[in-house]
Amino acid sequence: MAMSSVKISPTASALSSTIKHLGSNSRFITSLGGVKDVRGGRRKLSITMSSPLEVCVKASVTVPNRLGDCPFSQRILLTLEEKHLSYEMKLVDLTKKPEWFLKISPGGTVPVLKLDEKWITDSDVIAQSLEEKYPDPPLGTPPKKASV
């Protein structure tokens, strides 16, 4: 078999760090993709799980059912983790690319992410698309620190 699939949800520690980070802020996560300003005395935090994003990444060539050594795939997985988004990771054996994979990535490259019913290739485009759709927490360099 050339693919395996795993559903990944944000970890408890990731949620905990988000809660700590947002504790003194008036903005709280209301779903895994948006934020809502909370006004007034009581603040509520509610987290709802939406359907996980689908992401295809390189499988290890030496260890079955393990993530491979592709830094572009790892970048997107880190982005998903840092943004606390749930995702379903599909490991693709790039030495035996399955037909279904070539249909969504004609060039046969990884990573590939399904966002809004459209498959996106290229880690730069994927990261930018995730940043636009899920702006919080922002992962870009703050303007104050952008210049040395």
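The rules behind these values
- Residues numbered from 1 in each chain as written.
- Predicted model: local features only at pLDDT ≥ 70, side-chain atom pairs only at ≥ 80, totals over all residues.
- Heavy atoms only, no water.
- Helix = DSSP H or I, 4+ residues; strand = E, 2+ residues; numbered from the N terminus.
- Buried < 20%, exposed > 50% of the residue type's maximum accessible area, 1.4 Å probe, protein only.
- Contact = heavy atoms within 4.5 Å.
- Areas by Shrake-Rupley, 256 points an atom, 1.4 Å probe, with all protein chains shown as cover.
- Phe/Tyr/Trp six-rings, centres within 6.5 Å; stacked < 30°, edge-to-face > 60°.
- Lys NZ or Arg CZ within 6 Å of the ring centre and 35° of its normal.
- Arc of directions from axis to C-beta.
- Salt bridge = Lys/Arg side-chain N within 4 Å of Asp/Glu carboxyl O.
- Core = buried A, V, L, I, M, F, W, Y, C linked by side-chain atoms within 4.5 Å.
- Pairing = 2+ DSSP bridges.

Asks: Quick question: what am I supposed to make of the overall build of the protein chain here?
Replies: For the protein chain, the helix and strand inventory stands at five helices and seven strands. Reading the protein chain from its N end, one meets helices and strands in the order β-α-β-β-β-α-β-α-β-β-α-α. Within the protein chain, buried positions represent 34% of all 148 residues. Across the protein chain, contacts joining residues at least 24 apart in sequence account for 56% of those joining residues at least 6 apart. Only carbon and sulfur atoms are counted for the fraction: they give 54% of the accessible area of the protein chain, which is about 9,400 Å².

Asks: Where do I start with the packing of aromatic side chains in this structure?
Replies: All told, the structure shown has one aromatic pair when counted by the stated rule. Each ring, one from Trp100 and one from Phe101, has its centre 6.0 Å from the other, and the planes form 80°; the classification is edge-to-face. Judged by relative accessible area, which is 30%, Trp100 ranks as partly exposed. Directly above the ring of Trp100 sits Lys90, whose terminal nitrogen or CZ lies 5.7 Å from the centroid.

Asks: In this structure, what is going on with helix H4 (residues 123-133)? I would like to understand it.
Replies: Two residues of an α-helix separated by three or four positions point the same way, owing to the 3.6 residues in each turn. Turning to H4, its buried residues number three or more, namely Ser123, Ile126, Ala127, Ser129 and Leu130. For H4, the angular spread of the buried residues around the axis is 165°, confining them to a single face. Turning to H4, the residues buried within the fold contact strand E4 (53-58), helix H2 (71-82), strand E6 (112-115) and strand E7 (118-121).

Asks: I keep staring at the pattern of salt bridges and nothing clicks. Help me out?
Replies: Two side chains of opposite charge can pair, provided their charged atoms sit close to one another. A full pass over the atoms with the stated rule returns eight salt bridges. With a closest N to O distance of 2.9 Å, Glu54 and Lys90 form a salt bridge. One end of the pair, Glu54, is in strand E4; the other, Lys90, is in strand E5 (residues 87-92), with 36 residues separating them in the sequence. Assigned by exposure class, Glu54 and Lys90 land together as buried.

Asks: Help me understand the nonpolar core in this model?
Replies: Across soluble globular proteins, nonpolar side chains have a tendency to be buried as a group. Formed by 18 residues in total, the largest nonpolar core has its most connected members in Leu53, Val55, Leu80, Leu113 and Leu130. Contributions of two or more residues to this core are made by E4, H2, E5, E6 and H4. Among residues more than four places away in sequence, those in contact with Leu80 are Leu53, Val55, Leu85, Tyr87, Leu113 and Leu130. Judged by nonpolar contacts, the second largest core, of seven residues, contains Cys70, Phe101, Ile104 and Val112.

Asks: Whenever I open this one, the pairing of E6 confuses me. Can you help?
Replies: Every regular strand shows the same layout, with side chains that alternate between the two sheet faces. Looking at chain direction, E4 and E6 are connected through three bridges and run antiparallel. Following the sheet pairing, Cys56 is matched in E6 by Val112. Two strands pair when backbone bridges link them, and E6 and E7 are joined in this way by four bridges, in the antiparallel orientation. Across the sheet, Val112 pairs through a bridge with Thr121, a residue of E7. Here E6 hands over to E7 after two residues, with Asp116 in that stretch at a positive phi of 55°.

Taken by themselves, the reported measurements are silent on function.
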